[in-house]
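# Summary of the model geometry
Listed here are the chains, written in short residue letters.
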Amino acid sequence: MKKIELEVVALSHSITQTHSYAVVLGEVNGLRRLPIVIGGFEAQAIAVALEKMNPSRPLTHDLMKNFMTAFSIDLHEIIISDLQEGIFFSKLVCSSDSDTIEIDSRTSDAIALAVRFGCPIYTYENILSNAGIIMDDKGQTTTEEPAEVLGSITTEGSKDDLKTMSIDELNKLLNDVLESEDYIKAIAIRDELNSRKKK
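Owing to the predicted nature of the structure, the values given are computational and were not obtained by experimental measurement.

### Description of the pattern of salt bridges
Side chains that carry opposite charge are capable of pairing whenever their charged atoms lie near each other. Taken as a whole and assessed by the stated rule, the structure comprises eight salt bridges. Here Glu27 makes a salt bridge to Arg32, at a shortest N to O gap of 2.9 Å. Each member of the pair Glu27 and Arg32 is classed as buried. The salt bridge involving Asp109 is made with Arg106; its shortest N-O contact spans 2.9 Å. Residue class for Asp109 comes out buried when judged on its relative accessible area of 18%. We classify Arg106 as partly exposed; its relative accessible area is 47%. Here the salt bridges do not stand alone but share partners, grouping Glu27, Arg32 and Glu125 into one network.

### Notes on the nonpolar core
One broad trend across soluble globular proteins is that nonpolar side chains are buried collectively. Formed by 47 residues in total, the largest nonpolar core has its most connected members in Leu25, Leu34, Ile36, Leu75 and Ile78. At six residues, helix 3 (residues 107-117) tops the list of elements feeding residues into this core. With residues up to four places along the chain from it excluded, the contact list for Leu34 reads Leu6, Val23, Val24, Leu25, Ile80, Phe88, Ile127, Leu128, Ala131 and Gly132.

Quick notes on the rules
- Residues numbered from 1 in each chain as written.
- Predicted model: local features only at pLDDT ≥ 70, side-chain atom pairs only at ≥ 80, totals over all residues.
- Heavy atoms only, no water.
- Salt bridge = Lys/Arg side-chain N within 4 Å of Asp/Glu carboxyl O.
- Buried < 20%, exposed > 50% of the residue type's maximum accessible area, 1.4 Å probe, protein only.
- Core = buried A, V, L, I, M, F, W, Y, C linked by side-chain atoms within 4.5 Å.
- Helix = DSSP H or I, 4+ residues; strand = E, 2+ residues; numbered from the N terminus.
- Contact = heavy atoms within 4.5 Å.

In structure tokens:
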């Protein structure tokens, strides 16, 4: 079966499930998007790696990468291999000096590791055609399905709330959320601070 390469294009709150997030994977050199609902911890793990943040303590996925590296195990690729009743199933394709094996994984964990290892993410045509959303050139959906999460990382409070805060207030809030290790909110605050520096 031919594999289709995907890349992470967005991470946002899910509008259909409370306290959930969604990671949106985009077809490389294509217009299809694959939204996958994930938990908050997994969203944070993906966001930290995407933004190249260095938490004060290693997160679980950092620990897993360190463990694999220490024992000379390389992650070559992940494959989103199945979709059953709305649940995605994935495999990690790993190798050591003597063997290559596939390990079952939750898709959110597989993506968090793929971002850390810089390895490709793949799926199959039947999964992308069943669960994907087609985008036009302007980033609008061309199917009847709602585009659940096709923006960038956002916080539970709207970005408008951040826009009303002073730079000092934003810096204090940034320190607070970093102290509580809420890296998703930290990214949104940092983006707001950076946008003001450009003005």
